Each structure stands twice: as C-alpha cells, then as structure tokens.
Amino acid sequence: QVQLVESGGGLVQAGGSLRLSCAATGSIFRINDMKWYRQAPGKQRELVAVITSGGSTNYADSVKGRFTISRDNAKNTVNLQMNSLKPEDTAVYYCNAEIFAVGVSLGNDYWGQGTQVTVSS
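Residues numbered from 1 in each chain as written. Predicted model: local features only at pLDDT ≥ 70, side-chain atom pairs only at ≥ 80, totals over all residues. Heavy atoms only, no water.

**Remarks on the state of the cysteines**
Taken as a whole and judged by the stated rule, the model has 1 disulfide. Paired by a disulfide, Cys22 and Cys95 hold their sulfur atoms 2.0 Å apart. The sign of the S-S torsion, about 50 degrees, decides the handedness of the disulfide formed by Cys22 and Cys95: right-handed. Of the two residues, Cys22 sits in strand E3 (residues 18-25) while Cys95 sits in strand E9 (residues 91-101), which places them 73 residues apart along the sequence. Exposure class is identical for Cys22 and Cys95. Each is buried. (Disulfide = S-S within 2.5 Å. Helix = DSSP H or I, 4+ residues; strand = E, 2+ residues; numbered from the N terminus. Buried < 20%, exposed > 50% of the residue type's maximum accessible area, 1.4 Å probe, protein only.)

**Comments concerning the nonpolar core**
In terms of nonpolar packing, the biggest core is built from 33 residues, with Trp36, Leu80, Met82, Tyr93 and Ile99 touching the most fellow members. Every element with two or more residues in this core is listed here: E3, strand E4 (28-39), strand E5 (46-51), strand E7 (67-72), strand E8 (77-82), E9 and strand E11 (115-120). Broken down by element, the residue count for this core peaks at 6 residues, all from E9. Look past the residues within four positions of Tyr93 in its chain and what remains in contact with it is Glu6, Leu20, Trp36, Tyr37, Arg38, Val48, Phe67, Leu80, Met82, Gly114, Thr115 and Val117. (Core = buried A, V, L, I, M, F, W, Y, C linked by side-chain atoms within 4.5 Å. Contact = heavy atoms within 4.5 Å.)

**What to know about the sheet that holds strand E1 (residues 3-7)**
As summarised here, the arrangement of the 4 strands in space is E1-E3-E8-E7, forming an open sheet in which the pairing is antiparallel. Looking along the sheet, the strands with just one partner apiece sit at the ends: E1 and E7. Pairs of neighbouring strands in the sheet enclose a mean axial angle of 15 degrees, with direction left out of account. Here E3 pairs with E8 via 6 bridges, running antiparallel. In the sheet register, Cys22 faces E8, and the bridge partner there is Val78. (Pairing = 2+ DSSP bridges. Axes fitted to C-alpha atoms, helices over the stretch in contact; angles between N-to-C directions.)

**Concerning unusual backbone geometry**
Positive phi is not limited to glycine here, since Asn76 has a value of about 55 degrees. Relative to the helices and strands, Asn76 is located in the loop between E7 and E8.

**Regarding the environment of Leu85**
Of note, Leu85 is situated in the loop between E8 and E9. For Leu85, a relative accessible area of 1% gives the class buried. A C-alpha to C-alpha distance of 9.2 Å links Leu85 and Ser120, two positions 35 residues apart in sequence.

**Some thoughts on the pairing of E8**
The buried count for E8 comes to 5 of 6 residues, which makes it a mostly enclosed element. Pairing of E7 with E8, which is carried by 6 bridges, proceeds in the antiparallel orientation. Within E8, the residue paired with Ile69 across the bridge is Leu80. Hairpin connection, E7 to E8: the antiparallel pair is bridged by 4 residues, and Asn76 has positive phi, about 55 degrees.

**Considering the pattern of salt bridges**
Summed over the entire model, instances satisfying the criterion amount to 4 salt bridges. Ionic pairing is found between Lys64 and Asp61, a salt bridge with its closest N-O pair at 3.2 Å. Since its relative accessible area comes to 47%, Lys64 is described here as partly exposed. Residue class for Asp61 comes out exposed when judged on its relative accessible area of 65%. Arg66 serves as the salt-bridge partner of Asp89, at 2.8 Å between the closest nitrogen and oxygen. Of the two residues, Asp89 sits in the loop between E8 and E9 while Arg66 sits in the loop between strand E6 (57-59) and E7, which places them 23 residues apart along the sequence. Residue Asp89 shares its accessibility class with Arg66, and that shared class is buried. (Salt bridge = Lys/Arg side-chain N within 4 Å of Asp/Glu carboxyl O.)

Remember, this is a structural readout, not a statement about activity or role.
In structure tokens, the structure reads:
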C-alpha cells in the first residue's frame, strides 16, 4: 500500500527556518511530480512548490527566494527547506505526488497527512 508520510513541522519564530520531509513508502514503480501545498485557517489550499522527476522546480511567488524544494529519487523522498519564515507562512503543509505503484498501469494522486507549521511574530 502506497502512502506519503510527512515529518518536520513545528513552532518557530519569524525569521527562523524549518525543514519538512515526506517519504513515499510501499511498492512504488515511479513517482512523477512531487509537490508541497499548504492550507491556512479559513483559506483554500495553495500550491507552494513543485519538483519534477528530473529536478525542475517551481514556486509560489510568496515563497520564492525563501523556500527550496528537493527530492531524492533513490529514496522516494521530497523535502522543503523553509528559511526566513514569516507569520503568514503559518499553515498545515501537505506533500502530494502522482505515484505509479508496481503492477498498476495508471498513476494515482497521493497526499500526506499534513504537518503543522506555526510561525510566531
């Protein structure tokens, strides 16, 4: 059974840093794009960063220059390094990936359980 397991959230002061990690586990054949989303209270879920299997990246304007997404294809992991954090970065962060399981011809969209990031002013 394929699943995404996140870790690394927490409470940090403004200007600080946190690193989120997400590991895909199970019988995995291939992972396409891996993404990080976030959802703040009362707001819609928004895309924060995406990384392709080839390593190309894209970021929301609000985090460019502060966040860095990376992945390890051998370990099926994706990370989000968050620097210069601001109170408006406070949200639940979710990893997301399109994963092809072994023996399955179509990819499925998987989500992590979410991890809380709180930035105090």
